[in-house]
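One letter stands for each residue in the lines below.
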Amino acid sequence: MYLFKRYIRWGFILIAWLTILYIYISYINKIPDISVDIDDSIILYPIHINDRWGYIDVIGNVIIEPYFINASLFVDGVAAVALVSKPLSFWHRIMPRVYKILDGHSGLLKGSYHYLSTFSNELQPAQEFSLLRWFGLRNQLYGYIDKNGVWAIRPRFRNARAFSEGLAAVALNEELRGFINTKGDVVILSTNYIDIDDFSDGLSWVLEASSNKWGAINTQGDWVVVPIFAHKPTPFYSGVAAVPIEEGGWGLYERRTGKIFVEGFDKINRFSEGYASALEKGKYGFIDLNGFWIVPPQFDRVRDFAEGLACVYADGEFFYINANGEIIIANNLFQAKSFEYGLARVNVRSKHRVPGEFDYIDKKGNLVFSVEEFRNSRKWGLKWGHP
């Protein structure tokens, strides 16, 4: 009798949980369309306020009020957003997130996916949303969708990365890894790959299973650099890659000669815009493709060059420098990221800053969007709900 009552109790709990989950998903799928009409050439930038995400334009005007529980950069007329329903906003912390495509022309929210990121290519890796997958009753396979949410390549991969130079790294199962083209055809496949990187400058670094070393293959799958590196090198850039030295430290490897031509660095990161950050005696600086210092090591932390500027950290402050090492922006920043489409996410020092929120500055250091100013413009707080 006791066991019978116990099963009945757990049965009611399960039914109640499934009912809540069903209502949650039903409300998400009934969210109304958003009234926007955004040209493909316009970039919108996500803002994060009070645990909700919205969008601003390049001069800081709020185009879409904070509403989503996650949002990507709005590029080429589309963005990936994660939704929450107003009646069940509390439950989004424990419920599965549902990602959709926000169409900038129609305002339609298309598809339902487990995860999406910024559309950087015509095709984007995605997992179709399914409650069975969330409960672990079905494998979460990846496929590729276009900007309209149509499956260009049906889900059949255990893992999938974004396309780079016309090829995307995929895993068919635990043993088979390789690359597909935009038609979904497998062009490179092997059981001898433990890990594979995206193609860059015509080459991809691959961790070979038989040697447990990293080498580089071309788009035909042929070894161009035989597997000899114990740690993963950086992607090739203009024929040069940073590689680990067997005796210790890092150097620069030239594809044309097949030799390491510069050594002596503690660490070298990937090249971006012709420069790479390098570590020497605990400090970071920047080197060029020949291994010469363009900015001597003096920083505690650095980010890659982006749009002509690099974000660096020293003496408790973030600031931005150019390739000559000149300080271009120094705005008493608490946190800062690289520039993207003309703006950079920063945290201007504030007593009331909520973790995860950020402001935006332009390349002249002007404050384009301020979380505090946005809050002050809504005297009674933010108005959550359907846009």
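My aim in this report is to walk through the structure given alongside it, one point at a time.

Rules and cut-offs
- Residues numbered from 1 in each chain as written.
- Predicted model: local features only at pLDDT ≥ 70, side-chain atom pairs only at ≥ 80, totals over all residues.
- Heavy atoms only, no water.
- Phe/Tyr/Trp six-rings, centres within 6.5 Å; stacked < 30°, edge-to-face > 60°.
- Helix = DSSP H or I, 4+ residues; strand = E, 2+ residues; numbered from the N terminus.
- Salt bridge = Lys/Arg side-chain N within 4 Å of Asp/Glu carboxyl O.
- Buried < 20%, exposed > 50% of the residue type's maximum accessible area, 1.4 Å probe, protein only.
- Patch = residues over 30% accessible without salt bridge, like charges linked within 9 Å, V, L, I, M, F, W, Y side chains within 5 Å.
- Areas by Shrake-Rupley, 256 points an atom, 1.4 Å probe, with all protein chains shown as cover.
- Pairing = 2+ DSSP bridges.
- Axes fitted to C-alpha atoms, helices over the stretch in contact; angles between N-to-C directions.

Attention now moves to the packing of aromatic side chains. One pass over the structure, following the stated rule, counts 22 aromatic pairs. Each ring, one from Phe-229 and one from Tyr-253, has its centre 6.1 Å from the other, and the planes form 85°; the classification is edge-to-face. On the criterion of sequence distance, the pair formed by Phe-229 in strand 18 (residues 223-229) and Tyr-253 in strand 20 (residues 250-254) is long-range, its members being 24 residues apart. Considering the side-chain rings of Phe-286 and Phe-305, the 4.8 Å spacing of their centres and the 70° angle between planes classify their relative orientation as edge-to-face. Pair noted here: Phe-286 is in strand 24 (residues 283-287) and Phe-305 is in strand 26 (residues 301-306), with a separation of 19 residues, a long-range link.

Now for the pattern of salt bridges. Inspection of every chain in the model, using the stated rule, returns 11 salt bridges. For Asp-198, the salt bridge identified is with Arg-161, shortest N-O distance 2.8 Å. A residue pair is termed long-range when its members are at least 10 positions apart, and Asp-198 in the loop between strand 15 (193-196) and strand 16 (204-208) and Arg-161 in the loop between strand 11 (159-160) and strand 12 (168-171) qualify at 37 residues. You can call Arg-161 partly exposed: its relative accessible area is 35%.

Taken together, the side chains of Leu-172, Val-186 and Leu-189 make up a nonpolar region of the molecular surface, amounting to roughly 210 Å² of accessible area. Of the residues examined, Leu-172 reaches a relative accessible area of 30% and is grouped as partly exposed.

Quick look at the sheet that holds strand 20 now. Ordered by their spatial adjacency, three strands build an open sheet running 19-20-21, and the pairing between neighbours is antiparallel. Taken across any chain shown, the strands that pair with only one partner, and hence form the sheet edges, are strand 19 (240-244) and strand 21 (259-265). The average angle at which neighbouring strand axes cross in this sheet is 30°, direction not considered.

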